[in-house]
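What the coordinates show
Each chain is listed here by its residues.
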Number of protein chains: 4
Amino acid sequence: MTDLAGRIENGVHILALRVFYEDTDFSGYVYHANFLKFCERGRSDFLRVLGVDQAQMFGSDRKLAIVVRKMICDFLKPARFDDILRVETAPQLVAGARFDLTQQVLRGRDVLFAATVTAALIDGSGRPTRIPTEMMEKFRL
Amino acid sequence: MTDLAGRIENGVHILALRVFYEDTDFSGYVYHANFLKFCERGRSDFLRVLGVDQAQMFGSDRKLAIVVRKMICDFLKPARFDDILRVETAPQLVAGARFDLTQQVLRGRDVLFAATVTAALIDGSGRPTRIPTEMMEKFRL
Amino acid sequence: MTDLAGRIENGVHILALRVFYEDTDFSGYVYHANFLKFCERGRSDFLRVLGVDQAQMFGSDRKLAIVVRKMICDFLKPARFDDILRVETAPQLVAGARFDLTQQVLRGRDVLFAATVTAALIDGSGRPTRIPTEMMEKFRL
Amino acid sequence: MTDLAGRIENGVHILALRVFYEDTDFSGYVYHANFLKFCERGRSDFLRVLGVDQAQMFGSDRKLAIVVRKMICDFLKPARFDDILRVETAPQLVAGARFDLTQQVLRGRDVLFAATVTAALIDGSGRPTRIPTEMMEKFRL
């Protein structure tokens, strides 16, 4: 079943997905906010492939969670039912409690959606928390 | 802002909602599984109106949660963008850890969706838990 | 990218999927209505593997669509973030405008969700439409 | 049932909504992408209150649709189950095929989410289309 997992190539994490009924709206295309869901699947799988276990982090005493602080989103072209899409995730900067990524959703060579994402590690009380050295080193692809 | 709340009339809880883009799919109609979301909004608001605080129950030591065990769903007519719908929730039976409800989603007099729902109270380990007398009495409308 | 596709084995269509953040709710588990989304992914992929093109059918003059009429749903065990699940879809009966399926969502050998589904082929005006012989023969696995 | 509608006050459209189970994820808070759904409810209701009928526009020969081109999103504070939120939508610029808005999601006086949105009117072939004078005048609040 490992065929569901993404892979890292040349410093970029790649996850494939298919568009289903649930992703579309009555315009006939993918509902705009669902591109953010696709990106979150990309980020979660990227972390998983790096060996970062979000469920375990959140289940720990400190209730650590990675949250999105800012997203700049460009909706470039529409996606359709049954399209096979590719989410590309590239880490840009990891420092302190913060890490920045760029993400794209593509169909073949067409970039349908592009985003720059600022995420942060927070503890159970919502306070930013220094990213552990061990985790930080994983981001050096 | 109390205009968001549903009300109980003749033993039936009624919650109004509007259909948005997010609820539809490329067929032009409301995506079938979203009728279950509408019903859950009805059940949650019904409990809230009765004074049952699900967030507090779940935040307590026993981590009590009300979960759906079974739903028999009839998808009768389609709903469209911008429709004003009405979710009607009527308790049928409360006994032990279990309570049964019937629910309908209507547009005017048209029943678009009908369901019978079996729910249960469980604790944090997933075990069925006797519904407290205090809560049980609230269901006697 | 064919690794996203399901496969048919002994008359049963099997589609694997991973649980993401978007699928869960604050109880910590998969939100109940999302099991219906998983089943719809299974049905859509099953049709696709059989060579039934839903987008093309809907884009045709008659605007043919396959819609769910009835679902009997048993929510048996919870699913969690990062779980790998398997949707199994088995056709039971195809006659007239109607086809019946049974579906299960499993994690390993555990059945988490089971449903019997009655679907129908309708035209753009919502009228039930006889399933074409060609399509009907595809369901004889 | 007009209590579901938002209202315009001092050039700002205000829509109230309640957070349900479906909006949360296993972190216990509202899933980040759902703030975009809340904003879309605000925009759609804003248009509806102004007398712009998106379903009719899309059903017309030209298949006119309003689509999001760009969103700059700041996720400032978390929202929780059962929160009553307020979506505030303020038009900034309407010119040619384009209109810009600022949107906020608040709980009481706390701004939980803020976005600047660039939207465009497109026709059925995806081409930007000059916003009709009649519609443009509606945006002068």
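Quick notes on the rules
Residues numbered from 1 in each chain as written. Chains lettered and ligands numbered in written order. Predicted model: local features only at pLDDT ≥ 70, side-chain atom pairs only at ≥ 80, totals over all residues. Heavy atoms only, no water. Salt bridge = Lys/Arg side-chain N within 4 Å of Asp/Glu carboxyl O. Helix = DSSP H or I, 4+ residues; strand = E, 2+ residues; numbered from the N terminus. Contact = heavy atoms within 4.5 Å. Buried area = accessible area lost by both parts, 1.4 Å probe. Polar contact = N/O pair within 3.5 Å; in protein donor to acceptor, adjacent residues only side chain to side chain. Least-squares fit on C-alpha atoms with pLDDT ≥ 70 in both. Buried < 20%, exposed > 50% of the residue type's maximum accessible area, 1.4 Å probe, protein only. Pairing = 2+ DSSP bridges. pLDDT = per-residue confidence, 0-100. Expected span 1.5 Å × (residues − 1). Axes fitted to C-alpha atoms, helices over the stretch in contact; angles between N-to-C directions. Phe/Tyr/Trp six-rings, centres within 6.5 Å; stacked < 30°, edge-to-face > 60°. Patch = residues over 30% accessible without salt bridge, like charges linked within 9 Å, V, L, I, M, F, W, Y side chains within 5 Å. Areas by Shrake-Rupley, 256 points an atom, 1.4 Å probe, with all protein chains shown as cover.

Topic: the pattern of salt bridges
This model, assessed by the stated rule, comprises 48 salt bridges over all chains. One salt bridge connects arginine 48 of chain D with aspartate 45 of chain D, and the closest N-O pair in it is separated by 2.7 Å. Placement of the pair is arginine 48 of chain D and aspartate 45 of chain D together in helix α1 (residues 34-50), with a separation of three residues, close to one helical turn. Three or more residues are tied together by salt bridges with common partners; here these are Arg18 and Asp82 of chain A together with Asp45 and Arg48 of chain C.

Thoughts on the interface of chain A and chain D
Contacts between the two partners involve 22 residues from chain A, matched on the other side by 22 residues from chain D. Between chain A and chain D the total buried area reaches about 2000 Å² when both faces are included, carbon and sulfur atoms providing 59% of it. Linking chain A with chain D are two salt bridges, by the criterion used here. Residue lysine 70 of chain A pairs with aspartate 74 of chain D through a salt bridge whose shortest N-O separation is 3.2 Å.

Overview of the interface of chain B and chain D
On the chain D side, the residues contacting the 23 residues of chain B number 23 residues. Regarding the contact of chain B and chain D, the summed buried area is about 2400 Å², with carbon and sulfur atoms giving 61% of it. Our count for the contact surface shared by chain B and chain D stands at six salt bridges. Residues aspartate 45 of chain B and arginine 18 of chain D are paired through a salt bridge, measuring 3.8 Å at the closest nitrogen-oxygen approach. Along the contact surface separating chain B from chain D lie four residue pairs in polar contact (both at pLDDT 80 or more).

A word on the environment of isoleucine 66 of chain A
Residue and element names in this part refer to chain A. Mapped onto the elements, isoleucine 66 comes out in strand β3 (residues 65-75). A sequence separation of 54 residues divides isoleucine 66 from alanine 120, and the C-alpha atoms of the two residues are 5.6 Å apart. The residues touching isoleucine 66, leaving out its near neighbours within four places in the chain, are Leu47, Gln54, Met57, Phe99, Ala119, Ala120 and Leu121.

Considerations on the relation of the copies chain A and chain D
Of the transformation superimposing chain A on chain D, the axial component is 0.0 Å and the angular component is 180°, with the fit at an RMSD of 0.0 Å. The two molecules are tied by a two-fold rotation axis, judged by turn and shift. If distances are taken from each C-alpha of chain A to the rotation axis, the shortest is found for isoleucine 72 of chain A, at 2.2 Å. Comparing interface residues between copies, 100% of those in chain A also lie at the interface in chain D; the contact surface is shared.

Focus: the pairing of strand β2 (residues 12-18) of chain B
All names here are of chain B. The buried count for β2 comes to six of seven residues, which makes it a mostly enclosed element. Relative to β2, strand β1 (residues 7-9) is paired through three bridges, and the arrangement is antiparallel. Opposite glutamate 9, over in β2, you have valine 12 as the bridge partner. Counting the residues between successive antiparallel strands, the hairpin from β1 to β2 contains two residues, one of them, asparagine 10, with a positive phi of roughly 50°.

Here we look at the relation of the copies chain B and chain D
Of the transformation placing chain B onto chain D, the axial shift is 0.0 Å and the rotation is 180°, giving an RMSD of 0.0 Å. Both copies contact each other with a shared surface, as 100% of the interface residues of chain B are interface residues in chain D too.

Quick word on the confidence of the model for chain A
Taken residue by residue, chain A gives an average pLDDT of 94. The fraction at 70 or more is 98%. We note a pTM of 0.96 for the whole complex and an ipTM of 0.95 for its interfaces.

Things to note about helix α1 (residues 34-50) of chain C
Taking 1.5 Å per residue, 17 residues should reach 24 Å; α1 of chain C reaches 24 Å between its end C-alpha atoms and fits that length. Once α1 of chain C ends, the next one or two residues include glycine 51 of chain C, with phi positive near 95°.

Details of the sheet that holds strand β6 (residues 110-122) of chain B
Ordered by their spatial adjacency, 12 strands build an open sheet running β1(B)-β2(B)-β4(B)-β5(B)-β6(B)-β3(B)-β3(C)-β6(C)-β5(C)-β4(C)-β2(C)-β1(C), and the pairing between neighbours is antiparallel. Edge positions in the sheet fall to β1 of chain B together with β1 (7-9) of chain C, since each has one partner strand and no second. Neighbour to neighbour, the strand axes of the sheet diverge by 30° on average, direction disregarded. Note that strand β3 (residues 65-75) of chain B and strand β3 (residues 65-75) of chain C share five bridges and pair antiparallel. In the strand pairing of β3 of chain C, isoleucine 72 of chain B is matched with isoleucine 72 of chain C. Sheet contacts for helix α1 (residues 34-50) of chain B: β1, β2, β3, β4 (84-95), β5 (98-107) and β6 of chain B; angle to β2 of chain B, the most-contacted strand, approximately 130°.

Focus on the packing of aromatic side chains
Enumeration over the complete set of coordinates arrives at 40 aromatic pairs over all chains. Residues phenylalanine 35 of chain B and phenylalanine 38 of chain B carry aromatic rings whose centres are separated by 6.0 Å and whose planes lie at 75° to one another, so their mutual orientation is edge-to-face. Here phenylalanine 35 of chain B pairs with phenylalanine 38 of chain B, and both are found in helix α1, just three residues apart, close to one helical turn. Look at phenylalanine 35 of chain B and you get buried, because its relative accessible area is 4%. Among the residues examined, phenylalanine 38 of chain B registers a relative accessible area of 0% and is labelled buried. Here the aromatic residues Tyr21 and Phe81 of chain A, Phe26 of chain B together with Phe58 of chain C are joined through ring pairs into a cluster of three or more.

Section: a nonpolar patch on the surface
All names here are of chain A. Judged by side-chain polarity, Ile8, Val49 and Leu141 come together as a nonpolar surface patch covering roughly 220 Å² of accessible area. On the secondary structure map, isoleucine 8 appears in strand β1 (residues 7-9). We classify isoleucine 8 as partly exposed; its relative accessible area is 33%.

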